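The chain contents come next:
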2 protein chains.
Amino acid sequence: MISVVVIGKGNVATHLNNALLKAEDVTVTQINSRKLENIPAADVTIIAVSDDAIAEVSSKIENSFVVHASGASDLNVLKNSKRKGVFYMLQTFSKDKKVDFSKIPFCLEAENENDYLVLKKLAESIGEKVYSVNSEQRKALHVAAVFVNNFTNHLYKIGNDICNEHNVPFDVLKPLIKETASKIEILSPKEAQTGPAIRNDKNTIENHLELLNKNQQEIYKTITKSIQNGSKL
Amino acid sequence: MISVVVIGKGNVATHLNNALLKAEDVTVTQINSRKLENIPAADVTIIAVSDDAIAEVSSKIENSFVVHASGASDLNVLKNSKRKGVFYMLQTFSKDKKVDFSKIPFCLEAENENDYLVLKKLAESIGEKVYSVNSEQRKALHVAAVFVNNFTNHLYKIGNDICNEHNVPFDVLKPLIKETASKIEILSPKEAQTGPAIRNDKNTIENHLELLNKNQQEIYKTITKSIQNGSKL
C-alpha cells in the first residue's frame, strides 16, 4: 500500500487525484495548497501547483519524500528538507476532457533507487508508460512539447483563420490534421515531410504568400526556410 | 453506371483508381500520362498528375468532361476544349499507407449543376464527406493545409531533433501529439491554446530559448510572437 498526498486543486492535481482514488494499493488525500497546516504523513507527497509556487509550497512540507509534477522545473526547485523527486505526466490536461492515463508517459526522477521504485510503482498503478528522465532531459522534453503541442495548435488556429476568411468550414481540414499526427507512428517526421517547401516549388510558395496576411507570411517564410535548410542544420 | 478514366500513376492516381475499382456502379481505367494516344471515352476523365503537367495533359484530351485533382490549381488550368471540373481529395497520400476514403473530404467544383452532381455521385461511391468548393476557396484550403500538415510535421521534426540531442526517446512525445490533434474535435484551436507564450511566462520562454539552436530559436520566437498577438490580428 502506498499512501499519497496530492497538493493542488488545478487540472493536473484533480485528474491525478481521481485516478489514484481508483487505483488498487494506493490511498490518496488531496489538499488545497493554501491549507497546508494539517498535511497527513504519506509515502509520497506530490506538489501539483503552478511552477512559480513549487518552491514556497515545498518549503512548508515536512513529509519525508516530496516530488513536484512540473515539466519545466528542476528537481532542486523543491525546498523541502528531506528527499526529493519528480512525477511529471507529459500530457495536456483540460478541465472537461477525460484523460486516458494508460496513454500518458510518466517521466520520473528521484535521488535514490528506492524512491525511484516507489514512484514507478505508483505510476504503474494508474498508467502503463514509465520513463526515467533526469532534470536535463525533462527540460529538453518540455521545450520539444512546446513545439509539438503549443506551436502546432497555433498552426491549427492559423488554418482555422484562413478557412474563416474564405468561407470554408474548418471541418474540411480535420481529417488531414488527424492523419498528419498518426503518420509519425509509421514514418519519422523527416520521412513524412511533404509539400511545396521540401519540393522547393517556388510558384506555389509565391501563390500562397499572396493569400496571407503579414503575420501569417512571417510564419510561412520562417518555417519554409527551416524545412529547406533541414538537412544542413 | 459512371465510366471513369484516371490519368496518372502517382500516389493519388493509384489510390483513387484502387478505390474506384471496388465501387459499385463505376467502371474505371487507369492510364499513364505518357501514353495518351488511346484514351477510352468516359463520363469523367480525372487528371491526377503533378500540377505543372495538368495544362499540357488536359490539352491532349478530347473527352467531354475533364477534371483535375489538384488543390493548388485553378479550374482554368485545364486546357481541354470541352467541360471542366475539379475532384480534389484533401488528404496526404503515402505510397505504403492505406487510405480510409470514408474520412477524406472530397472538394468538388464543376461549371454546371449536372456535372457537379456526377462528381458528387462519384465521390459518394467511395467516400462520405463531400463539399462544394470553388477555385478561390480551394486555394485558401490548400494554404491552410500547408500550415496544419506540412508545417506541423516540421514542428514534429524539431521535437524529434531536440529529443535526439538530449537522449530522450521521441516516443515520449507521441501521445501528446495525438492528443493535440484530437483536442480540436471538441475545442476550437483558439480555446485549446496553452503554454508559456499565451501565459506570457517570460522565465520559461527564456529558459527554452537557451536550449535551442539558432534556427529553432527563430521559429520559437516567431510563433511565440504570433500567439501573443493572436487576438489583435
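What you see is a predicted model, and the numbers here were worked out from it, not measured in a lab. (Residues numbered from 1 in each chain as written. Chains lettered and ligands numbered in written order. Predicted model: local features only at pLDDT ≥ 70, side-chain atom pairs only at ≥ 80, totals over all residues.)

Caption draft 1: Structural context of the overall build of chain A. The helix and strand tally for chain A stands at 9 helices and 7 strands. Here chain A has a C-alpha radius of gyration of 22 Å; the compact-globule value for 233 residues is 17 Å, and the former is much larger. For chain A, the spread of C-alpha atoms along the three principal axes comes to 65 × 40 × 30 Å. Expressed as a percentage of the 233 residues in chain A, the buried residues total 47%. A separation threshold of at least 6 residues defines the contact pool for chain A, and within that pool the share at least 24 residues apart is 50%. (Helix = DSSP H or I, 4+ residues; strand = E, 2+ residues; numbered from the N terminus. Rg over C-alpha atoms; globule rule 2.2 N^0.38 Å. Buried ≥ 20, exposed ≤ 12 C-beta atoms within 10 Å, placed from the backbone. Contact = placed C-beta atoms within 7 Å.)

Caption draft 2: Representation of unusual backbone geometry. Not every positive phi belongs to a glycine, and Asn167(A) is a case in point at roughly 55°. The topology assignment puts Asn167(A) in the loop between helix H4 (135-165) and helix H5 (174-183).

Caption draft 3: Quick look at the interface of chain A and chain B. Facing 76 residues of chain A, the contacting portion of chain B comprises 77 residues. Elements with a contribution of two residues or more to the side of chain A that touches chain B: strand S6 (105-110), H4, H5, helix H6 (189-192), helix H7 (196-199), helix H8 (202-211) and helix H9 (214-229) of chain A. Ranked by residue count, the leading element in the side of chain A that touches chain B is H4(A), at 25 residues. Tallied by class, residues from the side of chain A that touches chain B come to 40 nonpolar, 25 polar and 11 charged. (Nonpolar A, V, L, I, M, F, W, Y, C, P; charged D, E, K, R; others polar.)

Caption draft 4: How the structure looks around the domain arrangement of chain A. All names here are of chain A. If you check the domain split of chain A, you get domain 1 (2-133) and domain 2 (138-229). The centre of domain 1, based on its C-alpha atoms, is set 35 Å off from the matching centre of domain 2. Of the residues lining the interface, 8 residues belong to domain 1; the matching set on domain 2 comes to 5 residues. Looking at the side of domain 1 that touches domain 2, its residues break down into 6 nonpolar, 2 polar and no charged. (Domains from an automatic or database assignment.)

Caption draft 5: Molecular detail of the sheet that holds strand S2 (residues 26-31) of chain B. Residue and element names in this part refer to chain B. The 7 strands are arranged S2-S1-S3-S4-S5-S6-S7 in an open sheet whose pairing can be described as mixed. Bordering the open sheet on either side are S2 and strand S7 (129-132), each of which pairs with just one other strand. Across the sheet, the axes of successive neighbouring strands diverge by a mean angle of 25°, strand direction being ignored. With 4 bridges joining them, strand S4 (residues 65-68) and strand S5 (residues 83-89) adopt parallel strand pairing. By the bridge assignment for S5, Val 67 is matched with Gly 85. Relative to S2, helix H1 (residues 11-22) is tilted by about 155°, and along the sheet it contacts strand S1 (2-7), S2 and strand S3 (44-47). (Pairing = 2+ DSSP bridges. Axes fitted to C-alpha atoms, helices over the stretch in contact; angles between N-to-C directions.)

Caption draft 6: Up close: the pairing of strand S6 (residues 105-110) of chain B. All names here are of chain B. Where burial is concerned, most of S6 is hidden: 6 out of the 6 residues are buried. Burial of S6 is two-sided: the residues Pro 105, Cys 107 and Glu 109 facing one way and the residues Phe 106, Leu 108 and Ala 110 facing the other way are all buried. Pairing analysis gives 5 bridges linking S5 to S6, with the strands arranged antiparallel. Looking at the pairing, Phe 87 lines up with Leu 108 of S6. Pairing of S6 with S7, which is carried by 4 bridges, proceeds in the parallel orientation.

Caption draft 7: Spotlight on the sheet that holds strand S1 (residues 2-7) of chain A. All names here are of chain A. Within the open sheet, the 7 strands sit side by side as S2-S1-S3-S4-S5-S6-S7. Their pairing is mixed. The open sheet has two free edges, formed respectively by strand S2 (26-31) and strand S7 (129-132), since each of these has just one partner strand. Averaged over all neighbouring strand pairs, the angle between strand axes comes to 25°, with direction disregarded. Sheet contacts for helix H1 (residues 11-22): S1, S2 and strand S3 (44-47); angle to S2, the most-contacted strand, approximately 155°. Its contacts with the sheet place helix H3 (residues 113-126) against S1, S2, S3, strand S4 (65-68), strand S5 (83-89), S6 and S7, and it is angled at close to 160° to S6.

Caption draft 8: Region of interest: the relation of the copies chain A and chain B. With an axial shift of 0.0 Å and an RMSD of 0.0 Å, the rotation relating chain A to chain B amounts to 180°. Both copies are brought into coincidence by an operation consistent with a two-fold rotation axis. Across chain A, the smallest distance between a C-alpha and the rotation axis is recorded for Thr152(A), namely 2.7 Å. In this assembly, 100% of the residues forming the interface of chain A have copies in chain B that are likewise at the interface, indicating an isologous arrangement. (Least-squares fit on C-alpha atoms with pLDDT ≥ 70 in both.)

Caption draft 9: Spatial organisation of H1(B). Taking 1.5 Å per residue, 12 residues should reach 16 Å; H1(B) reaches 17 Å between its end C-alpha atoms and fits that length. In this structure, the buried residues of H1(B) make contact with S1, S2, S3 and helix H3 (113-126) of chain B. (Expected span 1.5 Å × (residues − 1).)

Caption draft 10: H9(A), seen in detail. In this model H9(A) runs 23 Å from its N-terminal to its C-terminal C-alpha over 16 residues, within 8% of the 22 Å that 1.5 Å per residue would give. Against H4, H7 and H8 of chain A together with helix H4 (135-165) and helix H9 (214-229) of chain B lie the buried residues of H9(A).

Caption draft 11: Focus on the environment of Ala145(A). Position of Ala145(A) relative to the elements: it lies in helix H4. What makes Ala145(A) buried here is the crowd of 24 C-beta atoms within 10 Å. Here the alpha-carbon distance between Ala145(A) and Gly71(A), two residues 74 residues apart in the chain, equals 9.5 Å. The contact partners of Ala145(A), leaving out residues within four places of it in the chain, are Gly71(A), Leu90(A), Leu173(B) and Leu176(B).

Caption draft 12: Representation of the pairing of S1(A). Residue and element names in this part refer to chain A. With 6 bridges joining them, S1 and S2 adopt parallel strand pairing. Residue pairing across strands places Ile 2 opposite Val 26, the latter belonging to S2. Viewed along the sheet, the connection from S1 through H1 into S2 turns out right-handed. Direction of pairing for S1 relative to S3: parallel, over a ladder of 4 bridges. Across the sheet, Ile 7 pairs through a bridge with Ile 47, a residue of S3. (Right-handed = clockwise from strand over helix to strand, strands pointing away.)

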